[in-house]
Amino acid sequence: MAKIVFLSGAGLSAPSGIRTFRDAGGMWEEYDVMEVCSTQGYAANPQKVHKFYDMRRKELASKKPNSAHEMIARLKNEFPDHIAVVTQNVDDLLERAGCKDVIHVHGILTHLRCLECGTIFYHGYKSQEGALCPACKTSRVRHHVVMFGESAPMYAKMYEELDDAKLLVCIGTSGQVINVAWMASWVEDSILNNIQSDPNLDRYFKHCFIMSATEAAPKIEAYCRNFLSKELGFDKK
Ligand SMILES: [Zn+2]
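No experiment lies behind these values; they were computed from the predicted model shown.

It is worth spelling out the overall build of the protein at this point. What the protein contains, in helices and strands, is ten helices and nine strands. On C-alpha atoms alone, the protein measures out to a radius of gyration of 18 Å, which is about the 18 Å that the 2.2 N^0.38 rule sets for 237 residues. Dimensions of the protein, computed from C-alpha atoms along their principal axes, come out at roughly 55 × 40 × 30 Å. Here the protein, with 237 residues, has 38% of them falling under the buried criterion. Sequence-distant contacts in the protein: of pairs separated by 6 or more residues, those separated by 24 or more amount to 57%.

Moving on: the environment of Ser-197. Residue position: Ser-197 is located in the loop between strand 8 (189-194) and helix 9 (199-202). According to the C-beta neighbour criterion, Ser-197 is exposed, with 11 such atoms within 10 Å. Separated by 23 residues in the primary sequence, Ser-197 and Ser-174 place their C-alpha atoms 9.5 Å from one another. Discounting residues that sit within four places of it in the chain, Ser-197 has contacts with Asp-202 and Ile-210.

What follows is about the nonpolar core. Nonpolar side chains tend to gather and get buried jointly when the protein is soluble and globular. In terms of nonpolar packing, the biggest core is built from 41 residues, with Phe-6, Ile-72, Val-85, Leu-168 and Val-169 touching the most fellow members. Of all the elements in the fold, those that place two or more residues in this core are strand 1 (4-8), helix 5 (67-78), strand 2 (83-87), helix 6 (93-96), strand 7 (167-171), helix 8 (180-184), strand 8 and helix 10 (213-232). Looking at this core element by element, the count peaks at six residues for helix 10. The contacts of Val-85, once residues within four sequence positions are left out, are Phe-6, Ile-72, Lys-76, Leu-94, Cys-99, Asp-101, Val-102 and Ile-103.

Quick look at the sheet that holds strand 9 (residues 207-210) now. Spatially, 3-2-1-7-8-9 is the arrangement adopted by the six strands of the open sheet, whose pairing is parallel. Each having just a single partner strand, strand 3 (102-104) and strand 9 make up the two edges of the open sheet. Ignoring which end each strand starts from, the neighbouring axes of this sheet average 15 degrees apart. Its contacts with the sheet put helix 7 (residues 155-163) on strand 1, strand 2 and strand 3, and the angle it makes with strand 2 is roughly 145 degrees. Its contacts with the sheet place helix 10 against strand 1, strand 7, strand 8 and strand 9, and it is angled at close to 170 degrees to strand 8.

Attention now goes to the domain arrangement of the protein. One can read the domain layout of the protein as domain 1 (1-17 + 64-106 + 152-237) and domain 2 (19-62 + 107-145). For domain 1 versus domain 2, the distance between C-alpha centres works out to 26 Å. Residue-level contacts link six residues of domain 1 with eight residues of domain 2. By residue class, the composition of the side of domain 1 that touches domain 2 is two nonpolar, two polar and two charged.

With 20 residues, helix 10 should reach 28 Å at 1.5 Å per residue; the first-to-last C-alpha distance of 26 Å fits that figure. Bending of helix 10 peaks at approximately 25 degrees at the position of Lys-219. For helix 10, the set of buried residues is Ala-213, Ala-216, Ala-217, Ile-220, Cys-224 and Leu-228. Here the buried face of helix 10 lies against strand 1, helix 1 (10-13), helix 5, strand 7, strand 8 and strand 9. Looking one or two residues past helix 10, Gly-233 carries a phi angle of roughly 70 degrees, positive in sign.

Parameters at a glance
Residues numbered from 1 in each chain as written. Predicted model: local features only at pLDDT ≥ 70, side-chain atom pairs only at ≥ 80, totals over all residues. Helix = DSSP H or I, 4+ residues; strand = E, 2+ residues; numbered from the N terminus. Rg over C-alpha atoms; globule rule 2.2 N^0.38 Å. Buried ≥ 20, exposed ≤ 12 C-beta atoms within 10 Å, placed from the backbone. Contact = placed C-beta atoms within 7 Å. Core = buried A, V, L, I, M, F, W, Y, C linked by C-beta atoms within 7 Å. Pairing = 2+ DSSP bridges. Axes fitted to C-alpha atoms, helices over the stretch in contact; angles between N-to-C directions. Domains from an automatic or database assignment. Nonpolar A, V, L, I, M, F, W, Y, C, P; charged D, E, K, R; others polar. Expected span 1.5 Å × (residues − 1). Bend = angle between axes of the 7 residues up to and from the residue.

Here it is, written out as structure tokens:
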């Protein structure tokens, strides 16, 4: 049973240099988001979309997890049954920090999906050119990232984890894509960490750390350890 649910967004990976569409100076300026991140854009020009994700995969290879990814991985490894890790991020930096069982609600760049049989498979940081489905051997494969206009099947898993949650920890999420304010109202205790304050979001959370994810990481870790030791009735360092 999960007692703590971590839900992270772009702000978790920003200190690692992962660019996003929403940041100023981000990808919005170089790409038309509807061309590369929507089902309509994909239907109109799949090659352009493949190239876009090839480039993002290549960029990801050179990025490194930061101390906030490491903090989440450390807690998850220590308390695997009491922590669920959900992320909106499509990078693999939590995994590279050693975190297991990450729920990627918007998919993950390092994996591809077969359009014939639905198999999801690891592909790494390479171009998807020439990739074949390991199950049915077709070359009809695509990025495993949820686009606008598509359903996100892992949301169901996220809500399942929230059912058991007593503490929700949101890191680096504006609440524009997933309604974290609404989620915070379901749980007894909640933490929000964003680099910028947003009074319309902050007021729904019991604790707010308005600073970068890496600055907030030691505070969040201390809070979670204290919460778990009280909740589970034991003291762990
Ligand atoms: Zn297949």
